[in-house]
Amino acid sequence: NGYAFSRLPTVGSGGERLYVNQLSQAELDELASKRPTLTYGQVKRAPPSGFIPVHVAFDKKILKFDAYFQEDVPLSAEEHYRIRQVCIYYYLEDDSMYVIEPVVQNSGIPQGKHIRRHRVPKNDRGEHYHWKDLNRGINITMYGRTYRIVDCDRFTQEFLESQGIEVNPPEKMAFDPYTELRQMPVRKYITPSDFDQLKQFLTYDKQVLRFYAMWDDTNSIFGENRPYVIHYYLADDTVEVREVHKQNDGRDPFPVLIRRQRIPKTFVDKQKTFPTCVMEISDQEVLEWYTAKDFAVGKSTNLLGRDFFIYDCDEFTRNFYRDKFGITDFQPVEIKKKPPEEVQQIIPPYNGFGILEDTLQNCFSLFPKPPRKDVIKMLENDNKVLRYQVALESPNPEDRKRRFILSYFLSNDMISIYEPPVRNSGIIGGKYLRKTRVAKPGSTTENAKYYGPSDLTIGSTIEVFGHRFVITDADEYVLNYMESNAGSFPASAQKSVVVRLPEVAFALSPVLLCFYSDIPKLGTSKQEPDELTVHVQEELKPHKHLNNKNIQEAFLQCDKDGSGVLDKAKFLSLCDSLSVPTNTTLLNKVRRKGCCSGR
């Protein structure tokens, strides 16, 4: 264009062509297509195309995908999982998505809209699902639920292919197995049997076979042999098992163990997943049922898991088996076991501690109970005590001088011993033996014998836990008690408490025929016999007309055997015949001193 410029070298040293400073192919093309502005003017630009918004360009353009998802069914024995078919809609105008499940009639499941129309988040980074993320044969997760896309419509396939996306081949839609099972025809045709049940009912109505059985449950804890009665109803081949209750057997009074029903004998081979215990058993699960042939005397029969041993049957059952099956062997089986030999209980010897009855209760029970008491005897003899004066039999002279009071309690047959304190004796008095029952020498634990009122006589010796005591005296209540209960005491006991009449009489009183100055002193005062004599003589002063010599001869004649003993009744009758007055108070005082009969 009229300007000079330096031309760049194209050949280097050695004649080689240089490519460094050459124009590129693009620059050459631009120069070839460039039109000089001065010659032709400015090039006109094409007008811009019209602007179309997205919501207008993609209005009513929706991508549709067919998908399904699987959910678990934990609380059903018939299905473990469920397949639910859905439709996924993608709206191109605003990139929103919508998931809906077609409604299936009588499905029992809430169906319809699953995800409302909105932009579905893709991840935690704030991204959302785009139509580029959708294709056949892929899994897409929305809000924790995974959907499997298996197919799409024709418009969706053409749109994705126009955008350069390779669409995967379609897959088969999965179906719910439980829904397919429900759609199967339920009606089944079964060939009717040739057996006439009505004829069997009319022939064997009210005819029942009775078997006596025993269930051995001794292998379990607290088990035992329990008797039962098995009834087999010939009318419909049903079986019933009834319990046999005994009086005070300690069991609830339920009469029926197995209700009347058909009992299966052989089951169909089941899989391991099939439950072994079902509520109802149908004919499809049982190959063979129990019949009358399966019951026989002397054999065991398993009924619903329990083995029953049949040991006998009734007379009607024997006749039925004899006529129907020709069986004649009905020998009953003896099931009663011999009672075990009783182990003799050996009671250990008495150890000497406590009362024998209390100690013996430890051998009968882990928690011993107090022995039963005779309440009537305790009430009748309450506060009734027999008191005796006893002396200790000992080689020691000091012990032989000791005197004790022995008390016998009639309410419980116990004995207590008390030693009255004596001043300057060197021995501390007080309680010598507390209330307890004293066994006789030689008594054993099995045959224990205790001292009773008949054993306590004046002059007898009793042994109390190794110590020997001699009874020397008894109080007035003992004399009265022996008089009122004369049949309970032997004659030797009654004679031991009477006074023996001496050969010479002394004087008469209104109470006594004679009183002797040489009577043994049994009281605490040495002057008491003399004072009593004076008292008797004073009582005789108003009766000076009595002849003492005649009275003495009369009493000596009554004592024919010379024993010096007179019965109380004979003594009183003799006093009345001789006109000798009797004073009860003075008579009791003399009897307390042992001067007259205690009978």
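Residues numbered from 1 in each chain as written. Predicted model: local features only at pLDDT ≥ 70, side-chain atom pairs only at ≥ 80, totals over all residues. Heavy atoms only, no water.

Trainee: I'd like a rundown of the overall build of the chain, residues and numbers included.
Mentor: For the chain, the count of helices and strands is 16 helices and 20 strands. Taking all 599 residues of the chain together, 30% fall into the buried category. Considering only contacts in the chain between residues 6 or more positions apart, those separated by 24 or more positions represent 50%. As displayed, the chain has an accessible area near 42600 Å², and 52% of this comes from carbon and sulfur atoms. (Helix = DSSP H or I, 4+ residues; strand = E, 2+ residues; numbered from the N terminus. Buried < 20%, exposed > 50% of the residue type's maximum accessible area, 1.4 Å probe, protein only. Contact = heavy atoms within 4.5 Å. Areas by Shrake-Rupley, 256 points an atom, 1.4 Å probe, with all protein chains shown as cover.)

Trainee: Explain unusual backbone geometry to me, using residue names and the numbers behind them.
Mentor: Unlike most non-glycine residues, Y143 shows phi in positive territory, near 55°. Mapped onto the elements, Y143 comes out in the loop between β5 (138-142) and β6 (145-152).

Trainee: Requested: an account of the sheet that holds strand β16 (residues 403-409), with residues and values cited.
Mentor: Spatially, the six strands line up as an open sheet ordered β18-β17-β16-β15-β20-β19, and their pairing is antiparallel. Because the sheet does not close on itself, it has two edges, and the strands there are β18 (430-436) and β19 (461-464). The average undirected angle you get between the axes of adjacent strands in this sheet is 30°. As defined by bridge partners, strand β17 (residues 414-419) adjoins β18 across four bridges and the pair is classed as antiparallel. Opposite E419, over in β18, you have G430 as the bridge partner. Packing of helix α11 (residues 476-484) onto the sheet brings it into contact with β15 (385-392) and β20 (467-474), and relative to β15 it is tilted by some 125°. (Pairing = 2+ DSSP bridges. Axes fitted to C-alpha atoms, helices over the stretch in contact; angles between N-to-C directions.)

Trainee: So what's going on with the pairing of β20? Which residues, and what values?
Mentor: Within a regular beta strand, the side chains point alternately toward one face of the sheet and then the other, so they alternate between its two faces. Pairing between β15 and β20: five bridges, direction antiparallel. Each bridged residue has a counterpart across the sheet, and for A391 the counterpart in β20 is V470. Pairing of β19 with β20 involves four bridges; the strand directions are antiparallel. Following the sheet pairing, V464 is matched in β20 by H467. If you look at the hairpin formed by β19 and β20, you'll find two residues sitting between the two strands, and F465 has a positive phi there, around 50°.

Trainee: Give a detailed account of helix α7 (residues 315-324), specifying residues and quantitative values.
Mentor: T317, R318, F320 and Y321 are the residues of α7 that are buried. When α7 is viewed along its axis, its buried side chains cluster within an angular range of 165° and face the same direction. On its buried side, α7 packs onto β7 (208-216) and β14 (306-313). Phi turns positive, to about 75°, at G326, one or two residues after α7. (Arc of directions from axis to C-beta.)

Trainee: Could you give me a rundown of the pattern of salt bridges, with the residues and numbers involved?
Mentor: Within the structure shown, the criterion is met by 25 salt bridges. Residue R318 is joined to D312 by a salt bridge in which the shortest nitrogen-to-oxygen separation is 2.9 Å. You'll find R318 and D312 in the same group, each marked buried. When salt bridges that share partners are traced, they join E71, E79, R82, R84 and E101 into one network. (Salt bridge = Lys/Arg side-chain N within 4 Å of Asp/Glu carboxyl O.)

Trainee: I'd like to hear about the nonpolar core, residue by residue, with values.
Mentor: One broad rule of soluble globular proteins: the nonpolar side chains tend to lie buried together. By size, the foremost hydrophobic cluster in this structure holds 24 residues, and its most contacted members are F65, I88, M97, W131, I140, M142 and Y147. For this core, the element with the highest residue contribution is strand β1 (residues 62-72), accounting for four residues. Excluding its chain neighbours within four sequence positions, the residues that come into contact with Y147 are A67, Y68, F69, V86, I88, V99, H114, I115, I138, N139, I140 and M142. (Core = buried A, V, L, I, M, F, W, Y, C linked by side-chain atoms within 4.5 Å.)

Trainee: I'd like a description of a nonpolar patch on the surface, backed by residues and values.
Mentor: Taken together, the side chains of L23, L28 and L31 make up a nonpolar region of the molecular surface, amounting to roughly 270 Å² of accessible area. Turning to its location among the elements, L23 is positioned in the segment before α1 (25-33). A residue is classified by how much of its surface remains accessible, and L23, at 45% relative accessible area, is partly exposed. (Patch = residues over 30% accessible without salt bridge, like charges linked within 9 Å, V, L, I, M, F, W, Y side chains within 5 Å.)

Trainee: Before we move on, could you go through helix α4 (residues 154-162) and cite the residues and values that matter?
Mentor: Among all positions in α4, only T156, F159 and L160 are buried. Relative to the axis of α4, the buried residues are bounded by an arc of 95° and lie together on one face. When the buried face of α4 is taken as reference, the exposed residues oriented beyond 90 degrees from it are R154 and S162. Residues of α4 that are buried sit in contact with β1 and β6. In the stretch just after α4, G164 is the one whose phi turns positive, near 80°.

Trainee: Describe the confidence of the model for the chain, listing the residues and the values that go with them.
Mentor: Confidence in the prediction for the chain averages 81 pLDDT; 79% of positions are at 70 or higher. Overall, residues 499-529 carries pLDDT values under 50, and its contacts beyond four positions in sequence, including any with other chains, amount to 74 contacts. Of the regions scoring below 50 in pLDDT, residues 593-599 engages in 31 contacts with residues more than four places distant in sequence or in other chains. (pLDDT = per-residue confidence, 0-100.)

Trainee: Talk me through the environment of V390; I want residue IDs and the actual numbers.
Mentor: Here V390 shows up in strand β15. Judged by its relative accessible area of 0%, V390 is buried. Separated by 13 residues in sequence, V390 and R403 place their C-alpha atoms 6.0 Å apart. When near neighbours in sequence (up to four residues on either side) are disregarded, V390 contacts R402, R403, F404, L406, F469, V470, I471 and T472.

Trainee: Account for the sheet that holds β6, naming residues and giving values.
Mentor: Judged by pairing direction, the sheet is antiparallel, and its six strands sit side by side in the order β4-β3-β2-β1-β6-β5 without closing on themselves. Every other strand in the sheet has two partners, leaving β4 (113-118) and β5 as the edge strands with one partner each. Going from strand to strand, the sheet's axes swing by 30° on average, the running direction of each strand aside. Bridge analysis of β1 against strand β2 (residues 81-91) gives eleven bridges, and the strand direction is antiparallel. Residue pairing across strands places E71 opposite R82, the latter belonging to β2. Together, β1 and β6 form the strand contacts of α4, whose direction differs from that of β1 by roughly 110°.

Trainee: Run through the environment of V120, naming residues and quoting values.
Mentor: Inspection of the secondary structure puts V120 in the loop between β4 and β5. Accessibility expressed as a relative area gives 1% for V120, which makes it buried. Put simply, V120 and S96 are 24 residues apart on the chain and 6.9 Å apart in space, counted from C-alpha to C-alpha. In this structure, V120 is in contact with M97, H128, Y129, M142 and Y143, ignoring residues within four places of it in sequence.

Trainee: Any chance you could break down the packing of aromatic side chains for me, citing the residues and the numbers?
Mentor: In total, this model carries 18 aromatic pairs according to the counting rule given. Seen from their ring centres, Y290 and F295 are 5.9 Å apart, and the 40° between their planes marks the pair as tilted. Taking relative accessible area as the criterion, Y290 reaches 8% and is therefore assigned buried. According to the relative accessible area criterion, F295 is buried, its value standing at 2%. Centroid distance Y321 to F325: 5.5 Å. Interplanar angle 45°. Geometry classified as tilted. Overall, the relative accessible area of 3% leaves Y321 in the buried class. Every member of this aromatic cluster is reached through a ring pair, and the members are Y204, F211, Y232, Y290, F295, F320, Y321 and F325. Note that R145 overlies the ring of F69, its terminal NZ or CZ placed 4.4 Å from the centroid. (Phe/Tyr/Trp six-rings, centres within 6.5 Å; stacked < 30°, edge-to-face > 60°. Lys NZ or Arg CZ within 6 Å of the ring centre and 35° of its normal.)

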